[in-house]
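This is what each chain is made of:
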Amino acid sequence: MTRLRLSFALVILLSVCESRASPRTVNPCCYYPCQNKGVCMRVGRESYECDCTRTGYFGTNCTWLRANLIPSPPTYNSVYGYISWEAHSNVSYFTRVLPPVPDDCPTPMGTSGKKQLPDPQLFAERFLLRQRFQRDPQGTNLMFAFFAQHFTHQFFKTSGKMGHGFTKALGHGVDLGHLYGDNLERQHQLRLFRDGKLKYQVVDGEMYPPTVLDAPVHMIYPAGTPKEKQLAVGQEVFGLLPGLMMYATLWLREHNRVCDVLKQEHPTWSDEQLFQTTRLILIGETIKIVIEDYVQHLSGYFLHLKFDPELLFGVQFQYQNRIAVEFNQLYHWHALMPDSFTIQEDEYSYEQFIYNTSMLLDYGVEALVESFSKQMAGQIGGGQTINTNLLKVAVGVIEESRLLRLQPFNEYRKRFSMKPYKSFQELTGEEEKAAELEKLYGDINALEFYPGLLLEKCQPNSIFGESMVEIGAPFSLKGLFGNPICSPEYWKPSTFGGSTGFEIVKTASLQKLVCLNVRRCPYVAFHVPDPSTETATGDHQNGKPSTEL
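Residues numbered from 1 in each chain as written. Predicted model: local features only at pLDDT ≥ 70, side-chain atom pairs only at ≥ 80, totals over all residues. Heavy atoms only, no water.

## As for the pairing of strand β1 (residues 39–43)
Two strands pair when backbone bridges link them, and β1 and strand β2 (residues 47–51) are joined in this way by 5 bridges, in the antiparallel orientation. Following the sheet pairing, V39 is matched in β2 by D51. Count of turn residues in the β1/β2 antiparallel hairpin: 3 residues, of which G44 carries a positive phi of about 65°. (Pairing = 2+ DSSP bridges. Helix = DSSP H or I, 4+ residues; strand = E, 2+ residues; numbered from the N terminus.)

## Quick word on helix α4 (residues 142–152)
Of all 11 residues in α4, 11 are buried, a share of seventy percent or more. When we look at burial in α4, the residues that qualify are L142, M143, F144, A145, F146, F147, A148, Q149, H150, F151 and T152. Measuring from the backbone nitrogen of M143 back to the side-chain oxygen at the start of α4 gives 3.1 Å, which picks out N141 as the cap. (Buried < 20%, exposed > 50% of the residue type's maximum accessible area, 1.4 Å probe, protein only. Polar contact = N/O pair within 3.5 Å; in protein donor to acceptor, adjacent residues only side chain to side chain.)

## Considerations on the state of the cysteines
Tallying each qualifying case throughout the model produces 4 disulfides. When the cysteines of the protein that form disulfides are numbered from the N-terminus onward, they connect as 1-3, 2-4, 5-6, 7-8. (Disulfide = S-S within 2.5 Å.)

## A short note on the pattern of salt bridges
Overall, the coordinates contain 18 salt bridges when judged by the stated rule. As a salt-bridge pair, K197 and D260 come within 2.9 Å of each other at their nearest N and O atoms. With K197 in the loop between α6 (184–190) and β7 (201–203) and D260 in helix α7 (residues 242–265), this pair connects stretches of sequence that are 63 residues apart. What makes K197 buried here is its relative accessible area of 15%. For D260, a relative accessible area of 41% corresponds to the partly exposed category. Notably, a salt bridge pairs R402 with E448, separated by 2.7 Å at the nearest N-O pair. Pair noted here: R402 is in helix α13 (residues 391–403) and E448 is in the loop between α16 (431–441) and α17 (449–455), with a separation of 46 residues, a long-range link. We classify E448 as buried; its relative accessible area is 2%. (Salt bridge = Lys/Arg side-chain N within 4 Å of Asp/Glu carboxyl O.)

## Quick word on the packing of α4 against helix α12 (residues 365–374)
Packing of α4 against α12 leaves a shortest axis separation of 6 Å and a crossing angle of 110°. Of the possible angle classes, the one that applies to α4 and α12 is roughly perpendicular. Mapping the contact onto sequence places L142, M143 and F146 in α4 and V369, F372 and S373 in α12. Residues belonging to the contact of α4 with α12 are distributed by class as follows: 5 nonpolar, 1 polar and no charged. (Axes fitted to C-alpha atoms, helices over the stretch in contact; angles between N-to-C directions. Parallel < 35°, antiparallel > 145°, perpendicular 65-115°, else oblique. Contact = heavy atoms within 4.5 Å. Nonpolar A, V, L, I, M, F, W, Y, C, P; charged D, E, K, R; others polar.)

## A word on the side chain of S340
With respect to the element layout, S340 can be found in the loop between α9 (325–330) and β9 (341–343). Relative accessible area serves as the criterion here: at 17%, S340 is assigned to the buried category. A polar side-chain atom of S340 sits 2.5 Å from a polar atom in the side chain of E347. Once residues lying within four places of it in the same chain are set aside, the contact partners of S340 are E347, Y348 and Q375.

## Examining unusual backbone geometry
For D195, which is not glycine, the phi torsion reads 60° and is therefore positive. Mapped onto the elements of the fold, D195 is located in the loop between α6 and β7. Backbone geometry places S417, a non-glycine residue, at a positive phi of 65°. Among the secondary structure elements, S417 is positioned in the loop between α14 (409–415) and α15 (424–428).

## Regarding the side chain of T277
Relative to the helices and strands, T277 resides in helix α8 (residues 271–299). Among the residues examined, T277 registers a relative accessible area of 8% and is labelled buried. If sequence neighbours within four positions are ignored, T277 has contacts with L262, W269, T495, F496 and G497.

## Topic: the environment of L368
Relative to the assigned elements, L368 resides in helix α12. Relative accessible area serves as the criterion here: at 0%, L368 is assigned to the buried category. Apart from residues lying up to four places away in sequence, L368 is in contact with P242, M246, I343, M359, L360 and Y363.

## A look at helix α3 (residues 120–127)
Among all positions in α3, only P120, F123, A124 and F127 are buried. Viewed end-on, α3 has its buried residues packed into an arc of 95°, placing them on one side of the element. Structurally, α3 contributes buried residues whose contacts are with α13, α16 and α17. (Arc of directions from axis to C-beta.)

## Things to note about the packing of aromatic side chains
Overall, the coordinates contain 33 aromatic pairs when judged by the stated rule. Arranged with centres 6.1 Å apart and planes meeting at 85°, the rings of F123 and Y441 form a pair that is edge-to-face. You can see F123 sitting in helix α3 and its partner Y441 sitting in helix α16, a full 318 residues away along the chain. With relative accessibility at 1%, the residue Y441 sits in the buried group. Ring geometry for F147 against Y247: centres 5.4 Å apart, planes inclined by 80°, an arrangement best described as edge-to-face. Taken together, the positions of F147 in helix α4 and Y247 in helix α7 put the pair 100 residues apart, joining distant regions of the chain. Both residues of the pair, F147 and Y247, belong to the buried class. Of note, R126 hangs over the ring of F127, and the distance from its end group to the ring centre comes to 4.8 Å. (Phe/Tyr/Trp six-rings, centres within 6.5 Å; stacked < 30°, edge-to-face > 60°. Lys NZ or Arg CZ within 6 Å of the ring centre and 35° of its normal.)

## Overview of the confidence of the model for the protein
Of all residues in the protein, 89% attain a pLDDT of 70 or more, and the chain-wide mean is 87. Mean pLDDT across the elements of the protein bottoms out in helix α1 (residues 2–20) (29) and peaks in α7 (98). (pLDDT = per-residue confidence, 0-100.)

In structure tokens form, the structure reads like this:
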């Protein structure tokens, strides 16, 4: 409340001062409007902007803590649209930011719009189905696309047994359950129980995940797939795509590599302590990579983002997290996927690519990394961006949102401090599409949440629109900085096995994850390469880093 009053006071002060002096002679930054280490920059003659980068705050004057837009403790879930102990304590539920639309409203979206929503299949075919591949203008590649899918599948795990609104990922955050399993029994099947390491197999002198013959966990593969072709990892669906199994292999190698580092530092440690400490280190590495490589790329900032938990040590902040239904819905970024996949000189259709159990071992990690780093991903926002093979996923998201009675898109705009759209034309920037949407929904205030995110016009040279950023960012920051390792009690060398382990966390990067765990460092980034960065020898400027860590 103090910060809020300060913000209002600054606005009043600026108004008074500007009435006394000509804006042509007084720089607005002279009144120091930017708080919490925000940097003031004059814009034109009368305006200013506050750069809130790495402050943990946002808003006109850097006075709003972005992560605090997410309620903590959690409030509602798919059953309870009011505060209840069950909604708070039962972690089998996804939480939710806004309560469901009451089930006795005149229309499915409340009072606005028509009494019947458009058919989800027909809607998706008209407004979401890709007509032609649209490259992401930020240069996003498939290395990013597979990272997004790999990373989020540790906490987006809708329970098929219990139904929509329930999750199997009870950790509700970055716990690396996709590497270690989401329960203790699965974790034990994957562990070697020697030197803290995970089970593995060696193929052509390199480490890969074991098969289900050696680590008997349930993996989802097509019926009839021989067990010796089924790789065993923490997430049962990762056999679906070679890109997911590629990341699973990299993290497996990193886990066992860090175990060796800790074993050398602490020869008296037990297998259990080596395993548990290594897991904490890899959680730290993951968060570091997500903020400084992944979010950095998405942001498009020229300034470098920095993972520094100490920024929040002086701020009231709760180190816990619950995954929300809205975040799960928002993160369906299947439009990133291309129309086919190119590995070295070979092109694969979807039918040839999915459940390709031999591709990882046939090509090797280095070849997949380099190929995925050089292939462009698709733009997400703006509509008509999803490949026909993935359209059914979008249809399923719309159907789920109706079962869970998510509030309209504009209500989420308001909840996350954005102005609601006044028309479909304002939303899309197109007259013809706007007219069709008006006919289907009857009112912009009846537009559904997920369709709104995908149909919103993209920001200039961006992968998606404003709402995806402004709604997604608080969820992401809360989930990342709300992790226990970011708390004052955990964020210290001893948590990570001393200064060496702490340094592994603080210097982690996508490049190091790859290059410390392959024989030859390929081109690796979340964006397609600039030809000027490649040398005549074929090596890259982001060459292999020191292996001392």
